[in-house]
Amino acid sequence: MKYSYYPGCTLKTKAKDLEEHALAAAELLGISLEEIENWQCCGGVYPQSDGEVAHKLSSVRSLVSARDKGEKLLTLCSACHNVIKRVNNDIKTKDNVRKKANLYLELEKEYTGETEVVHYLEMLKNDVTFEVLKEKVSNPLKGRKIGAYYGCLLLRPQKEMAFDNPENPSVMEDFISALGAEAIKYPYRTECCGGYLSVNNKALAENMSDKIMRSAELAGIEEIITACPLCKYNLENKSSKVKVTYFTELLAESLKIISEEEK
């Protein structure tokens with residue numbers, strides 16, 4: 001099983017653990033992730049204006065690269081996934097965006113949104129399947145009480161992302177259960193952590209993140225997993241006993257790629 005892989009900037013700097021363990025686990029599971037050549041930053045935030053197409057071109061280049069190889073485009077970072085998938089939807093549904101993007105890029109073959117964009121978690125669920133993943137687990141995480149933190153970007157906007165039910169998602173809980181741990185749902189698992197507010201309104205972002213961590217702690221959760229580097233940054237800078245890790249670290253631990261102490 002082979003995918004074109006878009007890493008994004010943060011996975012090469014502050015979020016190396018998110019990528020490193022994902023790649024190692026994929027190899028063990030028989031998944032080939034081929035990093036796109038000369039990929040560019042997606043921008044980190046989806047550009048709202050349809051008239052400003054330039055900010056969407058880097059995403060389109062990666063989508064075209066995967067299309068030309070006949071592969072799905074796989075992402076890991078929640079922010080990158082949100083941007084690239086929504087840009088792809090713009091190409092599919094908005095004539096002016098599609099025409100301008102193709103004009104700027106001077107493509108030999110017009111791009112019309114053919115590439116399927118999938119998140120690593122979707123790949124595990126739909127292509128590997130959690131049933132097979134459960135069989136591959138060599139270190140079941142029995143007795144561990146783990147919560148999923150989705151945040152905003154994987155789930156919303158619902159129609160465009162089509163990732164899971166934005167109010168009551170289950171894919172990350174199913175993932176946790178497949179690894180042998182106890183998946184515990186808690187009230188604030190889909191609430192915003194404050195995101196980029198941490199840059200210019202740190203107090204507000206801290207207040208939002210504190211509510212999430214208190215919610216998890218009250219539910220008896222020992223560890224939270226996330227797919228978003230910015231969410232991890234905001235959540236783990238709190239005075240909470242709940243540990244915050246990437247979901248790929250948990251996967252690597254269950255496959256004996258790393259130990260719990262190495263996380």
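You'll find the structure just up there.
The shown structure was predicted, so the numbers you read here are calculated from the model rather than taken from an experiment.

**Student:** Got a sec to walk through the side chain of Ser 59? Specific residues and values, please.
**Tutor:** Secondary-structure assignment places Ser 59 in helix H2 (residues 57-69). In contact with Ser 59, not counting residues within four places along its chain, are Cys 42, Val 83, Ile 84 and Val 87.

**Student:** So what about the sheet that holds strand S8 (residues 243-246)? Which residues, and what values?
**Tutor:** Strand order in the open sheet formed by four strands is S6-S5-S7-S8, and the pairing between neighbours is parallel. The outermost strands of the open sheet, each flanked by one partner alone, are strand S6 (182-183) and S8. Of the strand pairs in this sheet, strand S7 (residues 223-226) and S8 are connected by four bridges, and their pairing is parallel. Its bridge partner being in S8, Thr 226 is matched across the sheet by Tyr 246. Across the sheet, helix H12 (residues 247-254) touches strand S5 (145-148), S7 and S8, and the angle it forms with S8 is around 80°.

**Student:** I'd like to hear about the environment of Phe 163, residue by residue, with values.
**Tutor:** As for its position among the elements, Phe 163 is in the loop between helix H7 (158-161) and helix H8 (171-178). On the basis of relative accessibility, which here comes to 7%, the residue Phe 163 falls in the buried class. With 123 residues separating them along the chain, Phe 163 and Gln 40 place their C-alpha atoms 24 Å apart. Apart from the residues within four sequence positions on either side, Phe 163 is in contact with His 81, His 119, Leu 121, Glu 122, Leu 154, Leu 155 and Val 171.

**Student:** Describe the pairing of S7, naming the residues involved and giving the relevant values.
**Tutor:** Burial along S7 is two-sided: the face carrying Glu 223 and Ile 225 and the face carrying Ile 224 and Thr 226 are both buried. Strand direction decides the pairing type here: S5 and S7, joined by three bridges, are parallel. Paired with Ala 148 across the strands is Ile 225, a residue of S7. Chirality of the crossover, the property in question, places the unit of S7, helix H11 (residues 229-236) and S8 among those that are right-handed.

**Student:** I'd like to hear about the packing of aromatic side chains, residue by residue, with values.
**Tutor:** With the rule as written, the count across this model stands at four aromatic pairs. Where Phe 130 meets Phe 175, the ring centres are 6.5 Å apart and the plane angle is 55°; that geometry is what we call tilted. Taken together, the residues Phe 130 in helix H6 (residues 130-136) and Phe 175 in helix H8 connect sequence positions 45 residues apart. Side by side, Phe 130 and Phe 175 carry an identical accessibility label, which is buried. In textbook terms, an aromatic cluster arises when at least three aromatic residues are bridged by ring pairs, as seen for Tyr 120, Phe 130, Phe 175 and Phe 247.

**Student:** Any details on a nonpolar patch on the surface? Residues and values, ideally.
**Tutor:** Where nonpolar side chains cluster on the molecular surface, the patch consists of Val 45, Tyr 196 and Val 199 and spans about 330 Å² of accessible area. In this fold, Val 45 is placed in the loop between strand S2 (32-35) and H2. According to the relative accessible area criterion, Val 45 is partly exposed, its value standing at 48%.

**Student:** For the sheet that holds strand S4 (residues 117-119), give the residues involved together with the corresponding values.
**Tutor:** Reading across from one edge, S2-S1-S3-S4 is the order of the four strands in this open sheet, with parallel pairing throughout. With partners counted over all chains shown, the strands left at the sheet margins are S2 and S4, one partner each. Across the sheet, the mean angle separating the axes of adjacent strands is 40° when strand polarity is ignored. As judged from the three bridges shared by strand S1 (residues 2-6) and strand S3 (residues 73-75), these two strands associate in the parallel manner. When the bridges of S3 are listed, Tyr 5 appears paired with Leu 74.

What counts and how
- Residues numbered from 1 in each chain as written.
- Predicted model: local features only at pLDDT ≥ 70, side-chain atom pairs only at ≥ 80, totals over all residues.
- Heavy atoms only, no water.
- Helix = DSSP H or I, 4+ residues; strand = E, 2+ residues; numbered from the N terminus.
- Contact = heavy atoms within 4.5 Å.
- Pairing = 2+ DSSP bridges.
- Axes fitted to C-alpha atoms, helices over the stretch in contact; angles between N-to-C directions.
- Buried < 20%, exposed > 50% of the residue type's maximum accessible area, 1.4 Å probe, protein only.
- Right-handed = clockwise from strand over helix to strand, strands pointing away.
- Phe/Tyr/Trp six-rings, centres within 6.5 Å; stacked < 30°, edge-to-face > 60°.
- Patch = residues over 30% accessible without salt bridge, like charges linked within 9 Å, V, L, I, M, F, W, Y side chains within 5 Å.
- Areas by Shrake-Rupley, 256 points an atom, 1.4 Å probe, with all protein chains shown as cover.
- Salt bridge = Lys/Arg side-chain N within 4 Å of Asp/Glu carboxyl O.

Spatial relationships are all this shows, so hold off on functional conclusions.
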